[in-house]
Amino acid sequence: MFANRNLSFSRCGSVVFVLAAVTLWAAVAEAQIVRVPYLGSRVIRLKGAPTQISVSDAKVADVKPLGGRKILVTGKNLGQTHIMVWTGGGRAHRYKILIEIPPKALLEKYKVIFPKDLINVDSVGNTLILSGQVSDPLNSERAKKIADAYIRGMGLDSRVLNFLTVRGRQQVQLRVKVAEVSRTSLRQMGINFWHRGADLSAGALAPGTGLNTTTAPDLGSTGAALQAGGSMTGTSTGGFTPPVPLLTTPFISDSYGLFLSTGADMAFPMSIALNLLQSNGFVKVISEPTLVAFSGQSAKFLSGGEFPVPIPQALGQVGIEFKKHGVQLQFRPTVMASKSIHLKVSVTISEKDTSGAVLIMGSSVPALSTRHAETTVRLKNGQSFAIGGLLQDKQESASGKIPLLGDIPVIGMLFRRSWTRRVETELVILVTANLVQPLKPGEVPPLPGEDEYSDPSSVSFFLMGTLDAGKPRRVNRGPAGPVGMAK
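Residues numbered from 1 in each chain as written. Predicted model: local features only at pLDDT ≥ 70, side-chain atom pairs only at ≥ 80, totals over all residues. Heavy atoms only, no water.

(A) Main features of the overall build of the protein chain. On a plain count of helices and strands, the protein chain comes out with 4 helices and 25 strands. Within the protein chain, contacts between residues separated by at least 24 positions form 62% of all contacts whose residues are at least 6 apart in sequence. When the accessible surface of the protein chain is summed, it comes to about 31,300 Å², and 57% of that surface belongs to carbon and sulfur atoms. (Helix = DSSP H or I, 4+ residues; strand = E, 2+ residues; numbered from the N terminus. Contact = heavy atoms within 4.5 Å. Areas by Shrake-Rupley, 256 points an atom, 1.4 Å probe, with all protein chains shown as cover.)

In structure tokens, the structure reads:
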């Protein structure tokens, strides 16, 4: 009977001990989160006077009792730690201490510097997070720079995450107009002269030109006989009289030539080649590329192509490098708070120029005639700005002559080669920026050629030579069925 009572008491004591341990563990496990600023302090009020204090990481935080029911927690380094505080009756209290960068001082600075913007600052470990909305992309960049300076001033090596967004429409459409007009005037004159007699040969030839000792063009069996100054009739020695050679013109290309040759039976056999040219050229180039980009982002546009350029390499190898030509546009817009657009733009208009071609590894590589402008401007929505222009009047003249003979009036023209050229160029590059929004369904305008089709009949195509009938057709601008499905 007594033994059974002891056993019952022992079992009851074990149950009480387990319940007490569970209760104590639950009380300890419930940790209260306390945020303490870096290099700052915070007072924690307890429910009883502390009898014992334990800190898991003394390098992160320092804890001191203030007397009564208060303790002082001081942040020493960024991070987190746990402290245990025992009060009267053996009751334990657990606290999770987070040492963070204090955002309050930074928020006060933002309210003073950016009074019209809503900027929030959160701290997570050693990172500051900026969120909210600003009216200007530059304000977003400035806010991040201020946060970086704030962290450096505290002697920390932390980072800033910028999640600030910009209010308003932020898509910019840029239209660029490039208009160029070029006028060219050219005049040339030159004479090549050659005389060949039985005992004397003489002449005057322009630089770079020489005698053409070949026979006349193939005109049949009589071709050689038509060669001026010559004869196919055999002489007493069995030979024949050499013909007067045909001359090349003083200007090899891009000019008209007049030729004169006398017969062999003339008293003064001669051959003359005369250049006379007067030309006027007119070139008009108008390009209008359009491109859309988001504020702060870059956009590129190319309408043209690329041509290969051989590049000599080591050991006789040849590489290929492609050069772009055509209309190239690159810009980066930034929408400001006043709805003005800060625009960095680069425009290039280039075309192949065979007159400046070079020979590389046996391949003729053309040069590029380029008009380029790159600048930064600021304008309002819908405004235009002429970012570049050129007015050029270029005149060139040259004359080559035989001394003394070329100075004789009138007759001296037979001993001169002269040319003069004048080039007038006008170039204007105009940019227009607009804040735009996407088009809604039904607002999309018809595309070029969408309202017509080119399908000439067989009679029109083969007999009349018609390539583009230009017949209008009815266009269904909506989808035939559900989007992505055929009807």
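There is more to say after this.
(B) Spotlight on the nonpolar core. Ile97 and Tyr110 are the most contacted members of the largest nonpolar core, which has 32 residues in total. The element that contributes the greatest number of residues to this core is helix α3 (residues 137-153), accounting for 4 residues. Every residue in contact with Ile97, bar those within four places of it in the chain, is listed here: Val34, Val36, Ile44, Ala61, Val73, Gly79, Gln80, Thr81 and Ile83. By size, the runner-up hydrophobic cluster in this structure holds 25 residues, among which are Leu174, Ala299, Val377 and Ala433. (Core = buried A, V, L, I, M, F, W, Y, C linked by side-chain atoms within 4.5 Å. Buried < 20%, exposed > 50% of the residue type's maximum accessible area, 1.4 Å probe, protein only.)

(C) Examining the pattern of salt bridges more closely. Under the defined criterion, the tally for this structure stands at 9 salt bridges. With its nearest N and O atoms 2.7 Å apart, the salt bridge here joins Arg422 to Asp393. Linking Arg422 in strand β23 (residues 416-436) with Asp393 in strand β22 (residues 384-401), this pair joins segments that are 29 residues apart in sequence. Among the charged side chains, a salt-bridge network with shared partners connects Glu180, Glu351 and Arg371. (Salt bridge = Lys/Arg side-chain N within 4 Å of Asp/Glu carboxyl O.)

(D) Fine view of the environment of Gly132. Looking at where Gly132 falls in the secondary structure, it is placed in strand β9 (residues 127-134). Between the C-alpha atom of Gly132 and that of Arg167, which follows or precedes it by 35 residues, the distance is 9.9 Å. The residues touching Gly132, leaving out its near neighbours within four places in the chain, are Leu118, Phe163, Leu164 and Thr165.

(E) Spotlight on unusual backbone geometry. A positive phi is found at Leu39, a non-glycine position, where the angle reads about 65°. Checked against the element boundaries, Leu39 lands in the loop between β1 (31-37) and β2 (41-45). Residue Leu39 is classed as exposed on the basis of its relative accessible area of 58%.

(F) Geometry of the side chain of Asp117. Among the secondary structure elements, Asp117 is positioned in the loop between α2 (104-113) and β8 (118-124). Separated by 3.1 Å, the side chain of Asp117 and the backbone nitrogen of Ser135 make a polar contact. (Polar contact = N/O pair within 3.5 Å; in protein donor to acceptor, adjacent residues only side chain to side chain.)

(G) Layout of the sheet that holds strand β6 (residues 79-87). Pairing within the open sheet is mixed, and its 4 strands lie in the order β1-β7-β6-β3. Strand pairing shows two members of the sheet lacking a second neighbour, β1 and β3 (50-55), which therefore form its edges. Direction aside, neighbouring strands of the sheet carry axes that sit 25° apart on average. Both β3 and β6 contribute to a ladder of 5 bridges, which runs antiparallel. Considered in β6, the bridge of Pro50 is made with Thr87. (Pairing = 2+ DSSP bridges. Axes fitted to C-alpha atoms, helices over the stretch in contact; angles between N-to-C directions.)

(H) Highlighting the sheet that holds strand β5 (residues 70-75). Read from one edge of the open sheet, 3 strands run β2-β5-β4, paired in antiparallel fashion. Edge positions in the open sheet fall to β2 and β4 (61-67), since each of these has one partner strand only. On average, each strand axis in the sheet is inclined to that of its neighbour by 25°, with strand direction left out of account. Direction of pairing for β4 relative to β5: antiparallel, over a ladder of 6 bridges.

(I) View of the packing of aromatic side chains. By the definition in use, this model includes 1 aromatic pair. Look at Tyr110 and Phe114: their rings are 6.1 Å apart centre to centre, the planes differ by 40°, and that puts the pair in the tilted class. The class for Phe114 is buried, based on a relative accessible area of 6%. (Phe/Tyr/Trp six-rings, centres within 6.5 Å; stacked < 30°, edge-to-face > 60°.)

(J) The arrangement of the pairing of β5 in detail. By the alternation rule, side chains of β5 split into Ile71, Val73 and Gly75, which are all buried, and Lys70, Leu72 and Thr74, of which none is buried. By the bridge criterion, 5 bridges tie β2 to β5 in an arrangement that is antiparallel. Pairing of Val43 across the sheet is with Leu72, part of β5. Connecting β4 to the antiparallel partner β5 that follows it, the hairpin turn spans 2 residues, and Gly68 within it adopts a positive phi of roughly 70°.

(K) Focus on the packing of α2 against α3. In the contact formed by α2 and α3, the axes pass within 11 Å of each other and the chain directions differ by 145°. Here the hand of the crossing between α2 and α3 comes out right-handed. When α2 is examined against α3, the residues Ala105, Leu106, Tyr110 and Ile113 are found in contact with a partner set consisting of Ala143, Ile146, Ala147 and Tyr150. Classifying every residue of the contact of α2 with α3 gives 8 nonpolar, no polar and no charged. (Left-handed = near helix turned anticlockwise from the far one by under 90°. Nonpolar A, V, L, I, M, F, W, Y, C, P; charged D, E, K, R; others polar.)

(L) Quick peek at the side chain of Ser140. Relative to the elements of secondary structure, Ser140 occurs in helix α3. Residues contacting Ser140, with those up to four places away along its chain left out, are Val134, Asn162 and Leu164.

(M) Structural view of the environment of Ile341. Mapping Ile341 onto the fold places it in strand β20 (residues 341-360). Placed 93 residues apart in sequence, Ile341 and Asn434 show a C-alpha to C-alpha distance of 8.6 Å. Each residue touching Ile341, except ones within four places of it in the same chain, is listed here: Val172, Pro333, Thr334, Val377, Arg378, Leu379, Asn381, Ala433, Asn434 and Leu435.

(N) Summary view of α3. Across its 17 residues, α3 extends 25 Å between first and last C-alpha, which sits within 8% of the 24 Å expected from 1.5 Å per residue. Within α3, the full set of buried residues consists of Pro137, Asn139, Ser140, Ala143, Ala147, Tyr150 and Ile151. Down the axis of α3, the buried set is contained in an arc of 160°. They therefore lie on one face. Exposed residues on α3 whose side chains face more than 90 degrees from its buried face are Lys145, Arg152 and Gly153. Packed against the buried residues of α3 are α2, β8, β9, β10 (159-166) and β19 (318-335). (Expected span 1.5 Å × (residues − 1). Arc of directions from axis to C-beta.)

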